[in-house]
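Per-entry structural report
These are the residues of each chain, in order.
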Amino acid sequence: MRTLEQTTQEILQLAAKQFKVAEGSLNPEDDFYKKLGIDSLQALDLLSRIENHFRIELPDYEVQGVSDFKTLAERIQSRL
Amino acid sequence: MLDLSKFSSIGEALREALETYATDVCLIESDRNEEKLRLTYRDFKERAVALAKWLQDTGFAVGDRAAIIMTNQSKWLISAYAIFHNGGTLVPLDYKLKPEEQWQLLKHSGSSVLITEYPIWRQLSNAPGREAATGIKKVLVTEAPAEADLFGAMTWEAAKAGGTPEFVPRTRQDLACIVYSSGTGGIPKGCMMTHGNYLEQCVALTSLYPFWPGVRYLSILPTNHAIDFMVGFFGPFTCGAAVVHLRTLRPEYVREAFVKYQITYVSLVPLVLKNLQKGLQARFDELPPSKRWTLEALRNINKTLTRKQPRLGLSRRLLKDVHSAFGGQLRAIIVGGAFTEPQTLQFFYDLGIPVANGYGLTEAGTAVTVNDLKPFRADTVGKPLPGMEVRIVNPDAEGIGQVCVRSKTVMAGYLDDEEMTAEAIVDGWLQTGDMGRFDHTGHLQLFGRRKNMIVTEEGKNVYAEDVESAFEGLPVKEFCVFAENYIWPSHSMVGEKLLLVVNLGTGQAFPEELKNLIIARNNRLMNYKRVHGIVVHNEDFPLTASLKAVRPRLAERLRKLDRDAVIVTV
């Protein structure tokens, strides 16, 4: 089973790949809307990619109001 | 469609619809690839009446207020009908608000009943503010897991009683809903909407965009939003149409739903519409040159043949693949909640997909003007709907002035705020705060706002004052939040931004630590409420006797500054 740290790193990698930014430029505390310059729909796209990667289903309400990678990772970790 | 002139209330009209269209499908609920629920009007009635009876037995009486905080789903509409059946007032709240904001509005609305979903309730019950909302006597939660701690609530599923609940009649003047157009974090603006407001609006809208049994409306905008409440509930129900709810709004499932359910209408905010445009354009760009050339040719033919009015059958034949991707039955996309860029509207119209763009605000009972498509005009927000009187007040040399509206759809006022109501409705005319003019064909064009607010592409209204609490306690002499357009009017309603203006004291520099502190505070706000820039203005703000900043005077002073030079982007 992955640790929270591993989960967080994998999310950062997925986000960096999807939105074509350097992997090292993203930090767990970053606000992904701001850092990646994305809107709520692009965030949903990222979520779909994360679901496929971790093979989980994350209901929309679970990520309501979440805007940083760290909290997102915690929500995902709780479903692994 | 039912003859709505016969009815005095939403509840009465819906009750009739449940009988008239008993065997037609009214609701379909899908989660990802799986259809979870399909109800006929008769099934709906069975469920709603059982809840209505339970509410009645537990003392919910005429005029009592009940709030709903739910994502789009069948139980939202069932609960709403049960409230109306009992002569109650519905308070639809945004499930996307923060829990403390929801508590604030629950308290302000005077709701005694709350109907919500378990995950939302779990957050609400642990959030500050609950102790202040003491008026909430009963909480019903849907989808609670077995054995879950309900934090004092009871399950929605258990709230049913046998027997026939008495139907409680209401008049057209009675309060039907309290709809919050904004106000979280500041002064709540609870629009008091009457039954007459909704009945009149429904007649006006369906005269241009009719529903009938067999029509399928895809409900994506939150149902608490005035548009979805009208075109995703009351409108289709009074015409015997069906509403499709999706439990997840990931773009891939939304795309599938169009095809799977042969959607007739959908309402979107501009952000989603633009996303659809982007997706389609990317697919067009990937086509081999010969196919791209053919598509262009067909699009041009369609454009020529639909110049005067839409010709759906023809467009579907000409651009078969595009229309098939939308299920082949789409008649129009309704766009609302914010201003849409003309080039996006034109993109869809050229493909034979009319976009019903318009202009409206909650205070006016949703839509004021809508494009009647005769002909389609991407550069305007259409003509006034039947029953709407719209005039331009104090026009300047270019004919641009404040848009004012008088109609039976205009709200009764703001809840518990006579002063704000008197400012908003003058001699029966709603002062919208939006600037516009009519062209020679009677179409309304919009040119910015005179209100200190922004509307995001996601359809969120954000008043500058409501964001200020996030910056309380900053080590500055004084501060104020403004809409950039309010200080420097740009005649545009897209890309609106908020600014934080700070006074550090005469001659004081702007330290990096303060900037970082502001950024940290800013990041605590929901993304659509954040300020995009800081203006350092080390001159004392003009103040009222109660020491509040006089915003119009301060804005006037700031207007003289060079915008590009003074804004520090965050």
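The rules we used
- Residues numbered from 1 in each chain as written.
- Chains lettered and ligands numbered in written order.
- Predicted model: local features only at pLDDT ≥ 70, side-chain atom pairs only at ≥ 80, totals over all residues.
- Buried ≥ 20, exposed ≤ 12 C-beta atoms within 10 Å, placed from the backbone.
- Helix = DSSP H or I, 4+ residues; strand = E, 2+ residues; numbered from the N terminus.
- Contact = placed C-beta atoms within 7 Å.
- Nonpolar A, V, L, I, M, F, W, Y, C, P; charged D, E, K, R; others polar.
- Domains from an automatic or database assignment.
- Core = buried A, V, L, I, M, F, W, Y, C linked by C-beta atoms within 7 Å.
- Pairing = 2+ DSSP bridges.
- Axes fitted to C-alpha atoms, helices over the stretch in contact; angles between N-to-C directions.
- Parallel < 35°, antiparallel > 145°, perpendicular 65-115°, else oblique.
- Left-handed = near helix turned anticlockwise from the far one by under 90°.

**Side note on helix α13 (residues 342-350) of chain B**
Residues and elements named next belong to chain B. Looking only at α13, the buried set comprises Leu345, Phe347, Phe348 and Tyr349. Buried-residue contacts for α13 involve α9 (270-286), β13 (332-335) and β14 (355-361). Looking one or two residues beyond α13, the residue adopting positive phi is Gly352, at roughly 85 degrees.

**A short note on the environment of Leu500 of chain B**
Residues and elements named next belong to chain B. Counting through the fold element by element, Leu500 comes out in strand β26 (residues 498-503). Each C-alpha atom of the pair Leu500 and Leu51 lies 48 Å from the other, and the pair is 449 residues apart in sequence. Residue contacts for Leu500: discarding those within four places in its chain leaves Phe471, Phe479, Val481, Ile518, Val531 and Ile534.

**Observations concerning the interface of chain A and chain B**
A common way to express how large an interface is: the accessible area buried when the components associate. On the chain B side, the residues contacting the 14 residues of chain A number 17 residues. Sort the elements by how many residues they give to the side of chain A that touches chain B and helix α3 (residues 40-54) of chain A lands first, with five residues. Across the side of chain A that touches chain B, the residue classes break down as five nonpolar, five polar and four charged.

**Quick notes on the domain arrangement of chain B**
Residue and element names in this part refer to chain B. Taken domain by domain, chain B holds domain 1 (4-260), domain 2 (382-450) and domain 3 (453-569). Distance between the C-alpha centres of domain 2 and domain 3: 27 Å. Across the boundary between the two partners, domain 2 contributes four residues, which contact seven residues of domain 3. Counted by class, the side of domain 2 that touches domain 3 contains two nonpolar, one polar and one charged residues.

**Let's talk about the nonpolar core**
Residue and element names in this part refer to chain B. In this structure, Cys26, Ile68, Leu90, Ala242, Ile333, Val355 and Val405 are the most contacted members of the largest nonpolar core, which totals 144 residues. No fewer than three residues from each of domain 1 (4-260) and domain 2 (382-450) sit in this core. By size, the runner-up hydrophobic cluster in this structure holds 28 residues, among which are Val455, Tyr486, Leu498 and Leu554.

**Digging into the sheet that holds β26 of chain B**
Note on sheets: strands pair through backbone hydrogen bonds, and any given pair is parallel or antiparallel. Residues and elements named next belong to chain B. Reading across the sheet, the four strands line up as β25-β26-β27-β28 and stay open at both edges, with mixed pairing between neighbours. Two strands in the sheet have a free side with no partner beyond their single neighbour: β25 (478-483) and β28 (567-569). Across the sheet, the mean angle separating the axes of adjacent strands is 30 degrees when strand polarity is ignored. Looking at chain direction, strand β27 (residues 531-536) and β28 are connected through three bridges and run antiparallel. Paired with Val535 across the bridge in β28 is Ile567.

**Some remarks on unusual backbone geometry**
All names here are of chain B. Of the consecutive residues Lys374 and Pro375, the connecting peptide bond is found in the cis state with omega at 0 degrees. You can see Pro375 is positioned in the loop between β15 (366-370) and β16 (383-384). One non-glycine residue with positive phi stands out, namely Arg32, at about 55 degrees. Its place among the elements puts Arg32 in the loop between β1 (25-31) and β2 (34-40). One non-glycine residue, Phe151, lies in positive phi territory at about 50 degrees. With respect to the element layout, Phe151 can be found in the loop between β6 (138-142) and β7 (154-155).

**Description of the packing of helix α1 (residues 4-18) of chain A against helix α4 (residues 69-77) of chain A**
Residues and elements named next belong to chain A. Put simply, α1 and α4 touch, their axes get as near as 9 Å, and they point 120 degrees apart. By the angle between their directions, the pair α1 and α4 is classed as oblique. Two packed elements cross with a definite hand, and for α1 against α4 that hand is right-handed. Between α1, through Leu4, Thr7, Thr8, Ile11 and Leu12, and α4, the contact on the second element is made entirely by Phe69, Lys70, Leu72, Ala73, Glu74, Ile76 and Gln77. In the contact of α1 with α4, the residues fall into seven nonpolar, three polar and two charged.

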